[in-house]
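Overview (structure and organization)
For reference, the chains in residue letters:
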Protein chains: 2
Amino acid sequence: MTPYRILVTDDEEDLCEILKFNLEAEGYIVDTAHSAEEALTLDLKNYNLIVLDVMMGEISGFKMASIIRGNDLLKHIPIIFLTARDSENDMLTGFNIGGDDYISKPFSIREVQARIKALLRRTSPNEENSKDEILYETLRLDLRSKKCYIDSCEQALTKKEFEILHLLLKNNNQVFSREEILTYVWSDEVYVLDRTIDVNITRLRKKIGIYGKCIVTRQGYGYCFET
Amino acid sequence: MTPYRILVTDDEEDLCEILKFNLEAEGYIVDTAHSAEEALTLDLKNYNLIVLDVMMGEISGFKMASIIRGNDLLKHIPIIFLTARDSENDMLTGFNIGGDDYISKPFSIREVQARIKALLRRTSPNEENSKDEILYETLRLDLRSKKCYIDSCEQALTKKEFEILHLLLKNNNQVFSREEILTYVWSDEVYVLDRTIDVNITRLRKKIGIYGKCIVTRQGYGYCFET
DNA sequence: AATTTTTGTTACAATAGTATGACAAAGATA
DNA sequence: TATCTTTGTCATACTATTGTAACAAAAATT
């Protein structure tokens, strides 16, 4: 079982360290950022949960949450707000933006731990991600073995091909730009031309036979798996 | 869309009524029970969320939560604890049993509403969240697939056409100057004549049939989608 | 009504976007 | 190391989309 990754974003460095220490003791992998700007340079899609201080430098925690909720690849990530102010309006704002929990300072570390655990129990592997396969007609993606089957016959896909298909199929009928596909399928450090995606799409289409037609090109937009 | 059903279990009848009243105002269907024993006579699997007072008669809220979590048919139902005691140990117990949230009395109704909403958003994902579309009579723009439908029939639009229509429809009855349309639809670096918009408007009007008439020219101002 | 301004339409050209084969580089495996 | 697989890049052909010019039509102005 791969451990949960948590991002803690707070301008108080001491607080970040305390949280990091205590959460790592629980078995999580914890990264910290001291401003929203810094956090946004990270590969947010890697995190299972994001802790956000409400009051931070230029970009507030609320603003950052809006950015996350506005991004299709990130919108599902649970967010917990931390705040020094104990105002009801603030709290309601936090929930309205799409926050999952809201904790006022000073808080007990144990409370934060408990709330994080409860939220992860809800959001991560248990229910939603426990889907270990994606089905569309006779096309089946086994997410555990990373294999693709058509009519129960395995169609060998390479890693990139599998991940592109996974992204498109999981969000069928949604158009993904080349840039989005790049951020999802390729790691951050690697820079490849977006034409590379065309080539991979071509290869993928060939391998999945009749379902190749389902991956449609939306000129000017990108690609989409249409059902 | 079938509404969410919530069960409120608390031995204070007044409190139950206040919660029932305010939650029903939000569109939920709310049942109340005044003891765990009473709650257990109900068909719990019908509820999308259960609110439990910790301190109640014979069977405590914690005990009842354990029963729910121990039943395969019920274990997925989100639970929010209410408590008069503001003790950290109690709270940790609540989360450990498998509670999803824990609210200390006295609480604000708005906070309870917000937390219930946030939890339901997580646990009972409705289609509404993923449905990004703009509707006007039988004209429908699907923003995820970037497709335009009239009477459920797709009308193929090019990217520019789609984006112009999107802008106008989203802000219907507002006039947009050619310059405004240019800044919204065209990227910054590109410089095109504003007559280009006329041409695109023409093409768009043709493609969207009867709705073509809704895109009206406001001479001297620009274009507007009138409803 | 005549003139000027603004907008609509068409046809065509220019451009941007895409598919694909071939090859090379990088990585994995034996 | 040798071999095979995966992946990225390039070159090229091809296509859809888009921009522009030219002119017609409509609206506004005189």
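Residues numbered from 1 in each chain as written. Chains lettered and ligands numbered in written order. Predicted model: local features only at pLDDT ≥ 70, side-chain atom pairs only at ≥ 80, totals over all residues. Heavy atoms only, no water.

1. Here's the deal with the packing of aromatic side chains
Any two aromatic rings considered together are summarised by their centre-to-centre distance and by the angle between their planes. What counts is decided by this rule: Only Phe, Tyr and Trp rings are paired, with Trp represented by its six-membered ring, and only when their centres lie within 6.5 Å; those with planes under 30 degrees apart are stacked, over 60 edge-to-face, the remainder tilted. A run of DSSP states H or I qualifies as a helix once it reaches four residues; a run of E qualifies as a strand once it reaches two. Both are numbered from the N-terminal end. Between buried and exposed lies partly exposed: a residue is buried under 20% and exposed over 50% of the maximum accessible area for its type, with that area taken using a 1.4 Å probe on protein chains only. Here, a charge over a ring means that NZ of Lys or CZ of Arg falls within 6 Å of the ring centre while also lying within 35 degrees of the ring normal.
Applying the stated criterion to the full structure yields 12 aromatic pairs over all chains. When the ring of A:Tyr4 is compared with that of A:Tyr28, the centres are 6.3 Å apart and the planes differ by 40°; the resulting orientation is tilted. Of this pair, A:Tyr4 sits in the segment before strand S1 (5-9) while A:Tyr28 sits in the loop between helix H1 (13-25) and strand S2 (29-33); the two residues are 24 residues apart in sequence, bridging distant segments of the chain. Both rings, one in B:Tyr136 and one in B:Phe225, keep their centres 5.4 Å apart while their planes meet at 90°; by these two values the pair is edge-to-face. Of this pair, B:Tyr136 sits in strand S6 (residues 133-136) while B:Phe225 sits in strand S11 (residues 222-225), and the two are 89 residues apart along the sequence. Considered together, B:Tyr136 and B:Phe225 belong to a single accessibility category, that of buried residues. Within the aromatic cluster, the residues linked to one another by ring pairs are A:Phe62, A:Phe81 and A:Tyr102. Geometry around A:Tyr149 places A:Arg140 over its ring, the cationic atom sitting 4.4 Å from the centre.

2. So, the protein's contact with DNA strand C
Definition in use: We call a residue near a molecule or strand as soon as one heavy atom of that residue lies within 4 Å of the molecule or strand. Under the rule applied, a polar contact is a pair of N or O atoms within 3.5 Å (in protein, one hydrogen donor and one hydrogen acceptor; residues adjacent in sequence only if both atoms are side-chain atoms). Ten residues, namely Ala, Val, Leu, Ile, Met, Phe, Trp, Tyr, Cys and Pro, are considered nonpolar, four, namely Asp, Glu, Lys and Arg, are considered charged, and the remaining ones, Gly among them, are considered polar.
The immediate surroundings of DNA strand C are formed by 25 residues, with A:Thr217, A:Tyr223, B:Thr217, B:Gly220 and B:Tyr223 found nearest. Considering DNA strand C, the proportion of its atoms within 4 Å of the protein that are sugar or phosphate atoms stands at 70%. Measuring from a phosphate oxygen of DNA strand C, one finds a side-chain N or O atom of A:Lys206 at 2.8 Å. Mapped by element, the contributors of at least two residues to the surface near DNA strand C are helix H9 (195-207) and strand S10 (215-218) of chain A together with helix H9 (195-207) of chain B. Class assignment for the residues of the surface near DNA strand C results in four nonpolar, eight polar and 13 charged.

3. Section: the protein's contact with DNA strand D
In the vicinity of DNA strand D, 23 residues are found, and the nearest of them are A:Thr158, A:Trp186, A:Arg203, B:Thr158 and B:Trp186. In DNA strand D, the atoms that sit within 4 Å of the protein are 70% sugar and phosphate, with bases accounting for the remainder. A:Arg203 has a polar side-chain atom sitting 2.4 Å from a base oxygen of DNA strand D. Between DNA strand D and B:Lys160, the relevant distance is 3.3 Å, taken from a phosphate oxygen to a main-chain nitrogen or oxygen of the residue. Contributions of two or more residues to the surface near DNA strand D are made by helix H7 (159-170) and H9 of chain A together with helix H7 (159-170) and H9 of chain B. Along the lines of polarity and charge, the residues of the surface near DNA strand D split into nine nonpolar, eight polar and six charged.

4. Description of the interface of chain A and chain B
Convention followed: Here a residue-residue contact requires only that any non-hydrogen atoms of the pair lie within 4.5 Å. Accessible-area loss on putting two parts together, using a 1.4 Å probe and summing over both, is the definition of buried area adopted here. The term salt bridge refers to a pairing of a side-chain nitrogen on Lys or Arg with a carboxyl oxygen on Asp or Glu at a separation within 4 Å.
Between chain A and chain B, the residue contacts involve 35 residues of the former and 32 residues of the latter. When chain A packs against chain B, close to 2,600 Å² is buried across both sides, 46% of that on carbon and sulfur atoms. For the interface between chain A and chain B, the tally reads five salt bridges. Among the elements that take part in the side of chain A that touches chain B, helix H5 (residues 109-123) of chain A stands out by supplying nine residues, more than any other.

5. Some points on the environment of B:Ile50
Residue and element names in this part refer to chain B. Checked against the element boundaries, Ile50 lands in strand S3 (residues 49-53). Classification of Ile50 as buried rests on a relative accessible area of 0%. Along the primary structure Ile50 and Arg144 are separated by 94 residues, whereas in three dimensions their C-alpha atoms are 34 Å apart. With near-sequence residues (within four places) excluded, Ile50 lies in contact with Leu7, Leu44, Ile68, Ile77, Pro78, Ile79 and Ile80.

6. Details of the domain arrangement of chain A
All names here are of chain A. Counted only if it meets this: The source of the domain bounds is an automatic or database domain assignment.
Taken domain by domain, chain A holds domain 1 (5-123) and domain 2 (131-225). Summarising the inter-unit geometry, the C-alpha centres of domain 1 and domain 2 are found 31 Å apart. Contact with domain 1, which involves five residues of that partner, is made by eight residues of domain 2. Summed over both sides, the interface between domain 1 and domain 2 buries roughly 480 Å², with carbon and sulfur atoms accounting for 50% of that surface. The largest share of the area that domain 1 buries against domain 2 comes from Lys45, Asp72 and Leu73, three residues that together contribute 79% of it. At the surface where domain 1 touches domain 2, the tally comes to zero salt bridges. Where domain 1 packs against domain 2, one counts one residue pair in polar contact (both at pLDDT 80 or more). Looking at the side of domain 1 that touches domain 2 residue by residue, the classes come out as two nonpolar, no polar and three charged.

7. Here's the deal with the sheet that holds strand S5 (residues 101-104) of chain A
Residue and element names in this part refer to chain A. Basically, it comes down to this: Strands are labelled as partners when DSSP assigns at least two bridges between them. Axes, fitted as lines to C-alpha atoms, cover a helix only where it is in contact. Angles between the N-to-C directions of the axes lie from 0 to 180 degrees.
Spatially, the five strands line up as an open sheet ordered S2-S1-S3-S4-S5, and their pairing is parallel. Edge positions in the open sheet fall to S2 and S5, since each of these has one partner strand only. When the angles between neighbouring strand axes are averaged without regard to direction, this sheet yields 20°. Relative to S5, strand S4 (residues 79-83) runs parallel, the two being bridged by four bridges. Bridge pairing in S5 places Thr83 opposite Ser104. Contacting strand S3 (49-53), S4 and S5, helix H3 (residues 61-69) runs over the sheet at an angle of about 170° to S4.

8. What about the pattern of salt bridges?
Residues and elements named next belong to chain B. Taken as a whole and judged by the stated rule, the model has 27 salt bridges over all chains. Among the salt bridges present, the one from Arg69 reaches Asp100, with a minimum N-O distance of 3.2 Å. Taken as a pair, Arg69 in helix H3 (residues 61-69) and Asp100 in the loop between helix H4 (88-97) and strand S5 (101-104) lie far apart in primary sequence, 31 residues in all. Judged on exposure class, the residue Arg69 and its partner Asp100 are both buried.

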